[in-house]
Amino acid sequence: MTACLPTTERLEQDLRAAGHAVTPPLLTAAECAGLRALFDQPDLFRKTVDMGRHAYGSGLYRYFDYPLPEPVARLRSALYAELAPVAGRMAADLRRPRAYPPDLEGYLAECHAAGQRRATPLMLSYGPGDYNRLHQDLYGAEHFPLQAVIGLNKPGGDYEGGEFLLMENRPRQQSIGTAVAIPQGAAVIFPVAERPAPGARGYVKAAMRHGVSRVRSGNRLTLGLIFHDATK
Ligand SMILES: O=C(O)CCC(=O)C(=O)O
Ligand SMILES: [Fe+2]
């Protein structure tokens, strides 16, 4: 893994200013190919969802089962450690102070105590015409406020379209949309459900949803890293 996480300060600045941050590539093209190959190993997954059958969109996604494959576990732990202090400051800005444990193990112990024990990291696969409707990844009462999606293909090379979408709703305002072509091997970091958006008098609570625009051609695979575990 090309270990070049951006500094926490840079990540936090981007999250605060734009509502999301894009990291430098965390994986080489060869590491992305290795991860893409996991999608075809059914034994690694606890559940496969056909998005079309649930009106979630079009395409397939699969939740990993514990124990997670080594690179997935490593990325999830490394990103969690980077994001935990940022999540704590976001919670304070939303006037719901909370200290998140400094490492993922400690946070998962809190999820387990809340009855959330199932793995949530997932892989998503989109072909021509596929898309993912705007949604939030909440899997129980307990949720870590930030999540990550890593692009495993090259936008504009392996596929066209398929932008990562973020929709933000501030109180009494029309929605703001952002589209991101995720560079191969890079992660987009974004709020799971809400964020403190700068307002005239301090912060306001903005509701956030994310999805993926239609893939016009080619194939797009992503690795989704959600830090809380799920009830089911
Ligand atoms: O494929 C994407 O870019 C979005 C994936 C997603 O919704 C998620 O990981 O939660
Ligand atoms: Fe999602």
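The protein chain has the name 2OG-Fe(II) oxygenase in an unreviewed UniProt entry, where Marinibaculum pumilum is given as its organism. In UniProt, the protein chain has this text filed under Sequence similarities (unreviewed entry): "Belongs to the iron/ascorbate-dependent oxidoreductase family."

(A) Seen up close, the sheet that holds strand β2 (residues 45-50). A sheet is described by the order of its strands in space; here 7 strands give the open sequence β1-β11-β7-β15-β5-β4-β2, paired in antiparallel fashion. Across the chains shown, the open sheet's two edge strands, defined by having one partner strand only, are β1 (21-22) and β2. Of the strand pairs in this sheet, β2 and strand β4 (residues 60-64) are connected by 5 bridges, and their pairing is antiparallel. Each residue of the ladder has a partner; that of Lys47, found in β4, is Tyr63.

(B) Quick look at the UniProt feature "domain: Fe2OG dioxygenase" (unreviewed entry) in the protein chain. Within this structure's numbering, the places UniProt gives as "domain: Fe2OG dioxygenase" (unreviewed entry) are residues 117-230. Across residues 117-230, the secondary structure splits into 0% helix and 54% strand, with the terminal C-alpha atoms separated by 6 Å.

(C) Spotlight on the packing of helix α1 (residues 8-18) against helix α3 (residues 70-93). Two elements in contact, α1 and α3, have axes whose closest approach is 10 Å; the angle formed by their N-to-C orientations is 40°. Compared by their axis directions, α1 and α3 come out oblique. Here the hand of the crossing between α1 and α3 comes out right-handed. For the pair α1 and α3, contact is made by Thr8, Leu11, Glu12, Leu15 and Arg16 and by Glu82, Leu83, Val86, Arg89, Met90 and Asp93, respectively. Here the contact of α1 with α3 is composed, by residue class, of 5 nonpolar, 1 polar and 5 charged.

(D) Region of the structure containing the nonpolar core. Counting residues in each nonpolar core, the largest one holds 39 residues, and the members touching the most others are Met123, Phe144, Leu146, Ile150, Leu152, Ile189 and Leu223. Secondary-structure elements contributing two or more residues to this core are α1, α2 (29-38), α3, α4 (104-113), β7 (146-151), β11 (187-191) and β15 (220-225). No other element matches α3, which puts 9 residues into this core. Phe144 has contacts with Tyr80, Leu83, Ala84, Ala87, Tyr100, Tyr107, Val192, Phe227 and His228, leaving out every residue within four places of it along the chain. With 13 residues, the next largest nonpolar core counts Leu124, Tyr139, Val212 and Val215 among its residues.

(E) Focus on the pairing of strand β13 (residues 202-212). As paired elements, strand β6 (residues 131-135) and β13 share 2 bridges and run antiparallel to each other. Within the sheet, the bridge partner assigned to His135 lies in β13 and is His210. Pairing of strand β9 (residues 164-169) with β13 involves 6 bridges; the strand directions are antiparallel. Bridging from a neighbouring strand, Leu166 pairs with His210 of β13. Connecting the antiparallel pair strand β12 (residues 194-199) and β13 is a turn made up of 2 residues.

(F) Focus on the site of ligand 1. Lining the immediate environment of ligand 1, one finds 14 residues, of which Tyr126, Asp137, Gln147, Arg220 and Thr222 sit closest. One of the side-chain nitrogen or oxygen atoms of Asn132 is found 3.5 Å away from an oxygen atom of ligand 1. If ligand 1 stood free it would expose 290 Å²; the protein chains cover 99% of that surface. Those elements that provide at least two residues to the shell around ligand 1 are β5 (122-126), β6, β7, β13 and β15. In terms of residue class, the shell around ligand 1 is built from 6 nonpolar, 6 polar and 2 charged.

So, how was this worked out
Residues numbered from 1 in each chain as written. Chains lettered and ligands numbered in written order. Predicted model: local features only at pLDDT ≥ 70, side-chain atom pairs only at ≥ 80, totals over all residues. Heavy atoms only, no water. UniProt positions renumbered as here; feature names shortened; annotations may be inferred. Pairing = 2+ DSSP bridges. Helix = DSSP H or I, 4+ residues; strand = E, 2+ residues; numbered from the N terminus. Axes fitted to C-alpha atoms, helices over the stretch in contact; angles between N-to-C directions. Parallel < 35°, antiparallel > 145°, perpendicular 65-115°, else oblique. Left-handed = near helix turned anticlockwise from the far one by under 90°. Contact = heavy atoms within 4.5 Å. Nonpolar A, V, L, I, M, F, W, Y, C, P; charged D, E, K, R; others polar. Core = buried A, V, L, I, M, F, W, Y, C linked by side-chain atoms within 4.5 Å. Buried < 20%, exposed > 50% of the residue type's maximum accessible area, 1.4 Å probe, protein only. Near = heavy atom within 4 Å. Polar contact = N/O pair within 3.5 Å; in protein donor to acceptor, adjacent residues only side chain to side chain. Areas by Shrake-Rupley, 256 points an atom, 1.4 Å probe, with all protein chains shown as cover.

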